[in-house]
Amino acid sequence: MKLKLGIPKGSLENATVELFRRAGFQITINSRSYFPAIDDPEIECMLIRAQEMARYVEDGVLDAGLTGRDWVEENEAKVENVADLIYAKQSFGKVRWVLAVPESSPVQSVKDLEGKVIATELVAATRRYLERNGVTAKVEFSWGATEVKPPTLADAIVEVTETGSSLRANNLRIVETVLESNTQLIANTGAWKDAAKRRKLEDIRMLLQGAINALGKVGLMLNVERGNLERVLSVLPALKRPTISTLSEDGWLAVNTILDESTVRTIIPRLKEAGAQGIVEYPLNKIIM
């Protein structure tokens, strides 16, 4: 059994390869090949643009792939959503497709775009958005550099953003959110019904979600005398439940916990003051719930 898996080429490519690495899969991409190597004999990878992924998965060219929910909706693809993977190229969060206009534009809502021109790569979803709002406007496909088209080549654009910084840099103002999106692991409906492929996909889902759960987290272990245990525990975040075990030396305990990486620099000095010794911080690749 070989699972044919699509890896998104482009902006999500590096983040996806890194996520798979944290999940335990080593993917090696050769710039001259569209077939990356992976250290799992049950998986065969192919690089596909995220915009086209859902279509190839729906048609069965691929058993599964990673792409944005935006492109699944754009293609109205009939596929199985195996997992929502909340990560993106910068912030590992959701992205938004927004309606944006020049700062100087009088447009205040989508209703003001009646009879106007909108440039976007997300043509079908934008047309459905206009239809839901009862607006008739011309939607033109944009091959790229969409932010520079208003006001000369278009009255407005629908563009994807994580932070809005690129839009602001081009003197554009967000009017409304058209669609929220995040990365999904999707599967062909036939492949999802195949017992062996489904089990493999469920294993991949568990490992990828474990890798996402570990983002921004670190492990912390330390030793403490029993008499100082309560003081040490009072320093740790109240909602955390550390593992406590006895050491070979009488009266000493080992404490092991998981913390947000951003808090550790504040907590470690307080732990030392409370009597903790042998404090070790270590990175995490996966947290399986």
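Residues numbered from 1 in each chain as written. Predicted model: local features only at pLDDT ≥ 70, side-chain atom pairs only at ≥ 80, totals over all residues. Heavy atoms only, no water.

K.L.:
Could you clarify how one ought to interpret the environment of Pro283 in this entry?
P.N.:
Checked against the element boundaries, Pro283 lands in strand 16 (residues 277-283). Of the residues examined, Pro283 reaches a relative accessible area of 72% and is grouped as exposed. On a C-alpha basis, the gap between Pro283 and Met206 in space is 19 Å, while along the polypeptide they are 77 residues apart. (Helix = DSSP H or I, 4+ residues; strand = E, 2+ residues; numbered from the N terminus. Buried < 20%, exposed > 50% of the residue type's maximum accessible area, 1.4 Å probe, protein only.)

K.L.:
I'm lost on unusual backbone geometry in this one. Help?
P.N.:
Leave glycine aside and you will find that most residues have negative phi; peptide bonds, for their part, are mostly trans. Put simply, Pro150 and Pro151 share a cis peptide bond, and its omega is -5°. If you trace the backbone, Pro151 turns up in the loop between strand 9 (138-141) and strand 10 (156-161). Positive phi is not limited to glycine here, since Ala145 has a value of about 50°. Tracing the backbone through its elements, the reader meets Ala145 in the loop between strand 9 and strand 10.

K.L.:
Can you help me understand the pairing of strand 8 (residues 117-120) in this one?
P.N.:
Residues in a regular strand point their side chains to alternate faces of the sheet. With four bridges joining them, strand 8 and strand 9 adopt parallel strand pairing. Each bridged residue has a counterpart across the sheet, and for Ala119 the counterpart in strand 9 is Glu140. The β-α-β motif built from strand 8, the intervening helix 4 (residues 123-132) and the parallel element strand 9 has right-handed crossover chirality. Relative to strand 10, strand 8 runs parallel, the two sharing three bridges. Opposite Ala119, over in strand 10, you have Ile157 as the bridge partner. (Pairing = 2+ DSSP bridges. Right-handed = clockwise from strand over helix to strand, strands pointing away.)

K.L.:
Is there a simple way to think about the pattern of salt bridges in this case?
P.N.:
A side chain with one charge can pair with a side chain of the opposite charge if their charged atoms come near. For the structure on display, the rule yields 13 salt bridges. Measuring nitrogen to oxygen at the nearest pair gives 3.4 Å for the salt bridge that ties Arg55 to Glu52. Placement of both Arg55 and Glu52 in helix 2 (residues 50-59) is noted, with a separation of three residues, approximately one turn of the helix. Given a relative accessible area of 34%, Arg55 falls into the partly exposed group. Classification of Glu52 as partly exposed rests on a relative accessible area of 26%. (Salt bridge = Lys/Arg side-chain N within 4 Å of Asp/Glu carboxyl O.)

K.L.:
Sorry, what's going on with the side chain of Lys149 here?
P.N.:
In this fold, Lys149 is placed in the loop between strand 9 and strand 10. Although Lys149 is buried, it forms no salt bridge, and the closest oppositely charged side chain is Glu140 at an N-O distance of 6.7 Å. The contacts of Lys149, once residues within four sequence positions are left out, are Ala119, Ser142, Trp143, Gly144 and Ala154. (Lys, Arg positive; Asp, Glu negative; His and termini not counted. Contact = heavy atoms within 4.5 Å.)

K.L.:
Help me out: how do you make sense of the pairing of strand 14 (residues 243-246) in this one?
P.N.:
In this structure, strand 14 lies alongside strand 15 (residues 252-260), joined through four bridges in antiparallel fashion. Residue pairing in the sheet places Thr243 in a bridge with Asn256 of strand 15. Counted along the chain from strand 14 to the antiparallel partner strand 15, the turn is five residues long, and its residue Gly251 has a positive phi close to 85°.

K.L.:
Teacher, can you tell me more about the sheet that holds strand 11 (residues 172-181) here?
P.N.:
By definition, the strands of a sheet pair up through backbone hydrogen bonds, in either a parallel or an antiparallel sense. The mixed open sheet is built from five strands, whose spatial order is 9-8-10-7-11. Every interior strand has two partners, whereas the edge strands, strand 9 and strand 11, have only one. Geometrically, the sheet is characterised by an average inter-axis angle of 25° between neighbouring strands, direction not taken into account. Packing against the sheet, helix 4 makes contact with strand 7 (95-102), strand 8, strand 9, strand 10 and strand 11, and its axis sits at approximately 170° to strand 9. (Axes fitted to C-alpha atoms, helices over the stretch in contact; angles between N-to-C directions.)

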